[in-house]
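Summary of structural features
Here is what each chain is made of, one letter per residue.
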Amino acid sequence: METSIPELTLHDGVTLPVVGLGTGKLRGNAGVNAIVSAIDAGYRLLDSAYNYENEGTIGEAVRRSSVPREELRITSKLPGRYHTYDQAVVAIQESLYRANLDYYDLYLIHWPNPKQNQYVEAWQALIDAKKWGFIRSIGVSNFLPDHIERLEKETGVRPTVNQIELHPFFNQEAQRKWHEAHDIKTQSWSPLARANDVFENETLQKIARKHNKTVSQVILRWHYQLGAISIPRSSNPRRQLENISIFDFSLDDADMNVISGLARPDGRLRNQDPAVYEEF
Ligand SMILES: NC(=O)c1ccc[n+]([C@@H]2O[C@H](COP(=O)([O-])OP(=O)(O)OC[C@H]3O[C@@H](n4cnc5c(N)ncnc54)[C@H](OP(=O)(O)O)[C@@H]3O)[C@@H](O)[C@H]2O)c1
């Protein structure tokens, strides 16, 4: 039986489920099978990127699945090497051709690459691609408040979503509060901290035992109660189902605070600070 995932509404009216499927590394036939199995389980939001080289895999899974295209929410992201306006427009078109889709529901600038200083141009391309019907909603990923303020100041258009690294070891409290104050939804990438160490964490294990849930479910419930959209990746049908079976229990304030207290200043998984890190 399919699990139904609650939705939230972005400031432009587009709706997104509160949990989606991360698809980094899901490619080829095994990737298609994993994505189809997730859709069968109840996933409707699929997170992809030009740089994951799997937009074709996403498109094939959408065609093989029995769920109508309009019920799905498909995301892709613009790579750093195509931030000039003309390159960005072509890359968005190429993203669509690769997936053989008519439109993306959400398209993000993958990284701001502030040293390159072309993200406002890239944003203008996303704004126009939305006008042309290629994209329903436009957002960013790994942007700091200063970067987002510049986008709005120079183009008048505020992103609907900022997808950022967020997990119990790096909880992004200040950035989340800033998003809330500006009506921007937070999406959590690597929500399970890539399964490194989290599952052995005794504090999380204790909370999981108390609720008769798994550590993964406790973490994903924590994201949900923070108001963030998480996009856990799993290629395993049992774990895919586990990760969306989080709507029949809740964490109390004490649980939430204890989990948020696991954060460390150096908690980023790969030291990718958007102020200096660049990805092309
Ligand atoms: N915007 C960005 O810059 C950015 C950066 C990184 C990632 N992302 C996006 O975020 C998505 C998720 O992040 P991620 O893939 O880095 O890491 P993640 O979702 O935190 O962790 C994925 C790992 O967790 C394992 N896993 C999943 N569910 C589990 C469960 N219930 N129990 C035990 N293990 C479980 C998976 O293994 P199995 O497959 O074997 O279950 C996989 O090894 C990516 O796929 C991508 O779409 C975006």
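For the structure, see preceding data.
Structural notes, computed from the coordinates.

1. What to know about the overall build of the chain
For the chain, the helix and strand inventory stands at ten helices and ten strands. Expected size for 280 residues packed as a compact globule is a radius of gyration near 19 Å; at 18 Å, the chain falls within 12% of this value. Taking all contacts inside the chain whose residues are at least 6 apart in sequence as the whole, residues at least 24 apart take part in 76%. Surface summary for the chain: the accessible area is close to 11900 Å², and the carbon and sulfur share equals 46%.

2. Remarks on the pattern of salt bridges
Under the counting rule described, the total for this entry stands at 20 salt bridges. Its salt-bridge partner being D12, residue K130 comes within 3.6 Å of it at the nearest N-O pair. Taken together, the residues K130 in helix α4 (residues 119-131) and D12 in the loop between β1 (7-9) and β2 (15-17) connect sequence positions 118 residues apart. Classification of K130 as partly exposed rests on a relative accessible area of 32%. Two residues, R64 and E60, come together in a salt bridge whose shortest N-O distance is 3.0 Å. With R64 and E60 both in helix α2 (residues 55-64) and four residues apart, this pair spans about one turn of that helix.

3. Some remarks on the environment of L151
With respect to the helices, strands and loops of the structure, L151 is situated in helix α5 (residues 145-155). Overall, L151 belongs to the buried group, its relative accessible area being 0%. Along the primary structure L151 and K177 are separated by 26 residues, whereas in three dimensions their C-alpha atoms are 19 Å apart. Excluding anything up to four places from it in sequence, L151 contacts Y119, V120, W123, V140, F143, G156, V157 and P159.

4. Some thoughts on the site of the ligand
Within the structure, the ligand sits among 28 residues, and D47, R194, R233, S234 and R239 are positioned closest to it. Between Y52 and the ligand, the recorded distance is 3.3 Å, taken from a side-chain N or O atom to a nitrogen atom. Within the side chain of S216, one N or O atom sits 3.2 Å away from a nitrogen atom of the ligand. Relative to its free-state accessible area of 910 Å², the ligand is covered by the protein chains to the extent of 86%. Per-element tally for the shell around the ligand: the top contributor is helix α9 (residues 237-244), with three residues. Here the residues of the shell around the ligand are counted per class, giving ten nonpolar, twelve polar and six charged.

5. Digging into the packing of aromatic side chains
Tallied over the full model, the rule gives seven aromatic pairs. Each ring, one from Y104 and one from Y107, has its centre 5.7 Å from the other, and the planes form 65°; the classification is edge-to-face. For Y104, a relative accessible area of 1% puts it in the buried group. Each ring, one from Y224 and one from F247, has its centre 5.2 Å from the other, and the planes form 90°; the classification is edge-to-face.

6. A look at the pairing of strand β8 (residues 161-165)
Within β8, five of the five residues are buried, which leaves it mostly tucked inside the rest of the structure. In this sheet, β8 lies alongside strand β7 (residues 135-141) in parallel orientation, the contact comprising two bridges. Opposite S141, over in β8, you have Q163 as the bridge partner. In this fold, the crossover linking β7 to β8 by way of α5 has right-handed handedness. Of the strand pairs in this sheet, β8 and strand β9 (residues 185-189) are connected by five bridges, and their pairing is parallel.

7. Section: helix α10 (residues 253-260)
Buried residues of α10: D255, M256 and I259, and no others. Seen from one end, α10 has its buried residues packed into an arc of 100°, which puts them on one side. Opposite the packed face of α10, turned more than 90 degrees from it, sit the exposed residues D253 and N257. Buried residues belonging to α10 abut α7 (202-211) and α8 (215-226).

Conventions and cut-offs
Residues numbered from 1 in each chain as written. Predicted model: local features only at pLDDT ≥ 70, side-chain atom pairs only at ≥ 80, totals over all residues. Heavy atoms only, no water. Helix = DSSP H or I, 4+ residues; strand = E, 2+ residues; numbered from the N terminus. Rg over C-alpha atoms; globule rule 2.2 N^0.38 Å. Contact = heavy atoms within 4.5 Å. Areas by Shrake-Rupley, 256 points an atom, 1.4 Å probe, with all protein chains shown as cover. Salt bridge = Lys/Arg side-chain N within 4 Å of Asp/Glu carboxyl O. Buried < 20%, exposed > 50% of the residue type's maximum accessible area, 1.4 Å probe, protein only. Near = heavy atom within 4 Å. Polar contact = N/O pair within 3.5 Å; in protein donor to acceptor, adjacent residues only side chain to side chain. Nonpolar A, V, L, I, M, F, W, Y, C, P; charged D, E, K, R; others polar. Phe/Tyr/Trp six-rings, centres within 6.5 Å; stacked < 30°, edge-to-face > 60°. Pairing = 2+ DSSP bridges. Right-handed = clockwise from strand over helix to strand, strands pointing away. Arc of directions from axis to C-beta.

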